[in-house]
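Take a look at the letters that make up each chain.
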Amino acid sequence: MKINARVGWIIVFGLVVLASCVVILATLIVAIVDAVNANDDMKSPDNDVLDAITTSGLNAHWKYFSSELLEGRYTGSRGESSAGLYAESQFTLWGLDPAGDNGTYYQYVPLQDVTPIDESVMTLQGTSGTLSLSWYSDYVTTSPYPLSSLQTIELANEELVFVGYGINAPDLGWNDYKVNVTGKVVICFVGQPKSGVWADQPYRWYSRWVYKYEEASRQGAKAIFLVHTPTSAGYEWSVVQTGWGYAKARQEATTTAVPLLTGWVTQYYGEEIAASCNSTLEQWFNEAELAEFTPQPIPLDLSVSVTFTCVDFSGTNTLAMKKGSTSEAVVILGHIDGVGIKNGTIYPGAIDNAAGSSVVMEIAYAWSQMILDDPLERSIIFLLATAEEAGLFGSDYFVNHLPTTLEQGTKLVAGINFDCPNTWGATYDMGGEGADKSTLGALEEWAAEKEDITFIAGVSGSGYFRGDQWSLSKQGIPAIWPGRGTNFIDKPEHYIEDVVIPFESACYHQPCDAYRENSDLSGMVQGARVGLRMAYALATGSNTPECINNCQ
């Protein structure tokens, strides 16, 4: 049979194209398979390492860290020191290297303890009468000002100005400080607006109480008081009392260009202050939503006198590591400090954050069970941070003063923080504060799927700025706080609404946040396994995280 030359050429060409397609397809399939295998090989620790994380191991750490023997683990206390000693003994037993200063497992963080000892009534005097605010029940305050060992701060007949949310955000064209407040006392809300240019904004650093104090300082205010509401703050007045009504740790004050007093007033007296301006808090909230908001002078004069003691002391970061082959490092962290003892009552801090510290410990134990022929690419640092409750001071000090035991030039590339983990049972799902701030969100999603957990993608809330991950993120280091899920396995319907949230809301920074016998820690196991998978992927170098919008 004769074949027309043109037809023959077409057949040959077709066969060549078909062969090329087969080769391309085969190459693509091989590449996909190799990529999948590479992910499995490099990113996943062996099952026996993952299985080293157990409820019994977590429970042992949790029970000890929550023990009343540790007296709530206040920063710099003997309880915090005992927790660090326990962690050191475990790290040593597991063969993990010291990562603190001078070849030890400890890094001492210089701090000051400021304690109010003579609190007077704060008066707000106007033409129609005087408001008298009692310490602790109506207002609380501390001082960021450089203090002697015993010093009285007195304000007399000071002018008040309401400055809305107290935000100056040039990137959004927003400024609540449209008038000069130098030498005046400012009153503002915690949180951030929800409409206008803020409508599509996630929670920003501008929403935090720490930012409000810092901005008031930049504006030259003599003092600042935040109006507390449970909705705007996210917690009850009792939490404010616990945090500001007693001794409060701070970083050493080095400048006088700060407010003399920073504090809070209750919602009730916020309403009274607004009423003096013929307004209400609701009206003030509505006005503060507007870009054209103008600060309002308040026709009241503030007077108060508070005596403080100021004592230099140190909190303690406890650290261990498994060294990698490069100068890069990943940090797994959780704060070990709690709120301590208040009026003779121990605040055990079981969920916050004995549980988070326990997760760090259990991941460290699992890591020690790895049998490696060669070091992984990146070092893993396990950090139990001090002074989180006071303002993230322990983790901030660690990031800005890397311990001397670490090699010079060590570069932190990622952080995974455990705070208030799930002590209520396994869930079908989980989320992560900061998942939208860096590519660590995608890594957590991958790790969760490996554990047959559905990842809840969402916008980070104010918690992103309230946990130790922020100490890394604000320096441009991707960091995330893996959170618990909402859909519980083998629990009654509405379990989270009926049991979990009511308990955690009522017991946050309260004595009832105590160790619970026979708790279902299967959810803690889930979180620890996800964290271990993430850490392993990062340590092998198979995942290099990047910030999204500067991790802000």
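Here we summarise the structure given alongside this text.

Each value, and the rule that gives it
The written sequence of each chain sets the order in which its residues are numbered from 1. Totals for whole chains, interfaces and linings use every residue, but because this is a predicted model, local features are given only for residues with pLDDT of at least 70 and side-chain atom pairs only at 80 or more, for both listing and counting. Values reported for side chains reflect all heavy atoms of the structure, with hydrogen atoms and water molecules removed beforehand. Cysteine sulfur atoms that come within 2.5 Å of each other are treated as a disulfide pair. Throughout this description, buried means an accessible area under 20% of the type-specific maximum (1.4 Å probe, protein chains only), exposed means over 50%, and partly exposed covers the range between. Two rings belonging to Phe, Tyr or Trp (six-membered ring only in the last case) form a pair when the distance between their centres is within 6.5 Å. Interplanar angles under 30 degrees mark stacking, angles over 60 mark edge-to-face geometry, and anything in between is tilted. By definition here, charges over rings are those cases where NZ of Lys or CZ of Arg is within 6 Å of the ring centre and within 35 degrees of the ring normal. Fitted lines through C-alpha atoms give the axes, limited to the stretch in contact for helices. The angle between two N-to-C directions lies from 0 to 180 degrees. By definition, any uninterrupted DSSP run of H or I lasting at least four residues is a helix, any uninterrupted run of E lasting at least two residues is a strand, and each is numbered from the N terminus. Roughly parallel means an angle under 35 degrees; roughly antiparallel, over 145; roughly perpendicular, 65 to 115; everything else is oblique. We call a crossing left-handed when the near helix sits turned anticlockwise from the far one by less than a right angle, and right-handed when that turn is clockwise. By definition, residues are in contact when any of their heavy atoms lie within 4.5 Å. As a working rule, the residues Ala, Val, Leu, Ile, Met, Phe, Trp, Tyr, Cys and Pro are called nonpolar, Asp, Glu, Lys and Arg charged, and the rest polar, with Gly in that last group. Note that the arc is computed from the directions linking the helix axis to the C-beta atoms. By this definition, two strands are paired if DSSP reports at least two bridges between them. Under the convention used throughout, the expected extent of a helix is 1.5 Å for every residue step, that is, one less than its residue count.

1. Examining the state of the cysteines
Going through the model one piece at a time under the given rule, you end up with two disulfides. A disulfide bridge connects Cys547 with Cys551, and the sulfur atoms are separated by 1.9 Å. Between Cys547 and Cys551, the S-S dihedral sits near -90°, and the bridge is therefore left-handed. Take Cys547: its relative accessible area is 28%, and that puts it in the partly exposed class. Among the residues examined, Cys551 registers a relative accessible area of 1% and is labelled buried. Each disulfide in the chain links cysteines that, numbered along the sequence, combine into the pattern 1-2, 3-4.

2. Re the packing of aromatic side chains
Using the criterion set out here, one finds 34 aromatic pairs in the structure. Note on Phe488 and Tyr495: the rings are 5.2 Å apart at their centroids and 75° apart in plane angle, and the pair reads as edge-to-face. For the pair Phe488 and Tyr495, a shared accessibility class is recorded, and that class is buried. Here Arg516 stacks its cationic end above the ring of Trp424, 3.8 Å away from the centre of that ring. Residue placement shows Arg516 over the ring face of Phe503; its charged tip is 5.4 Å from the ring centre.

3. Thoughts on the packing of helix H3 (residues 55-65) against helix H10 (residues 350-368)
Where H3 contacts H10, the axes come no closer than 8 Å and their chain directions differ by 135°. When the axis of H3 is compared with that of H10, the two are oblique. As H3 runs across H10, the sense of the crossing is right-handed. On H10, the residues touching Gly57, Leu58, His61, Trp62 and Phe65 of H3 are Ala350, Ile351, Ala354, Ala355, Ser357, Ser358, Val359, Met361 and Glu362. For the contact of H3 with H10, the class distribution of residues is nine nonpolar, four polar and one charged.

4. Some points on the packing of H10 against helix H16 (residues 522-539)
Packing of H10 against H16 brings their axes to within 10 Å, and their N-to-C directions diverge by 50°. As far as their axial angle goes, H16 and H10 are oblique. Remark: the crossing between H10 and H16 carries right-handed chirality. Listed contacts from H16 to Ala355, Ser358, Val359, Ile363, Ala366 and Trp367 of H10 are Met524, Ala528, Gly531, Leu532, Ala535, Tyr536 and Ala539.

5. What about H3?
Along H3, the residues that are buried comprise Gly57, Leu58, His61, Trp62 and Phe65. Down the axis of H3, the buried side of the element spans an arc of 125°, and every buried residue falls inside it. Buried residues in H3 make contact with helix H4 (78-93), H10, strand S17 (379-385) and H16.

6. Some thoughts on the environment of Glu236
Structurally, Glu236 can be placed in the loop between helix H6 (230-233) and helix H7 (237-244). Among the residues examined, Glu236 registers a relative accessible area of 44% and is labelled partly exposed. When the C-alpha atoms of Glu236 and Gly57 are compared, they prove to be 33 Å apart, with 179 residues separating the residues in sequence. Apart from residues no more than four positions distant in its own chain, Glu236 is found in contact with His228 and Pro230.

7. Section: the pairing of strand S13 (residues 296-322)
Pairing geometry for strand S1 (residues 97-98) and S13, over two bridges, is antiparallel. Among the inter-strand pairings, Asp97 is bridged to a residue of S13, identified as Met321. Alignment of strand S2 (residues 106-119) against S13, held across 13 bridges, turns out to be antiparallel. Within S13, the residue paired with Val114 across the bridge is Cys310. Pairing of strand S3 (residues 122-126) with S13 involves three bridges; the strand directions are antiparallel.

8. Things to note about helix H15 (residues 495-507)
When the terminal C-alpha atoms of H15 are compared, their 17 Å separation across 13 residues agrees well with the 18 Å that a helix rising 1.5 Å per residue should span. Of the positions making up H15, those classed as buried are Tyr495, Ile496, Val500 and Cys507. Backbone geometry just downstream of H15 places His509 in the positive-phi region, at approximately 55°.

9. Details of unusual backbone geometry
Following Asp352, the chain continues to Asn353 via a peptide bond in cis, the omega torsion being 5°. Along the polypeptide, Asn353 turns up in helix H10. One non-glycine residue, Glu71, adopts positive backbone phi at about 55°. Turning to its location among the elements, Glu71 is positioned in the loop between H3 and H4.

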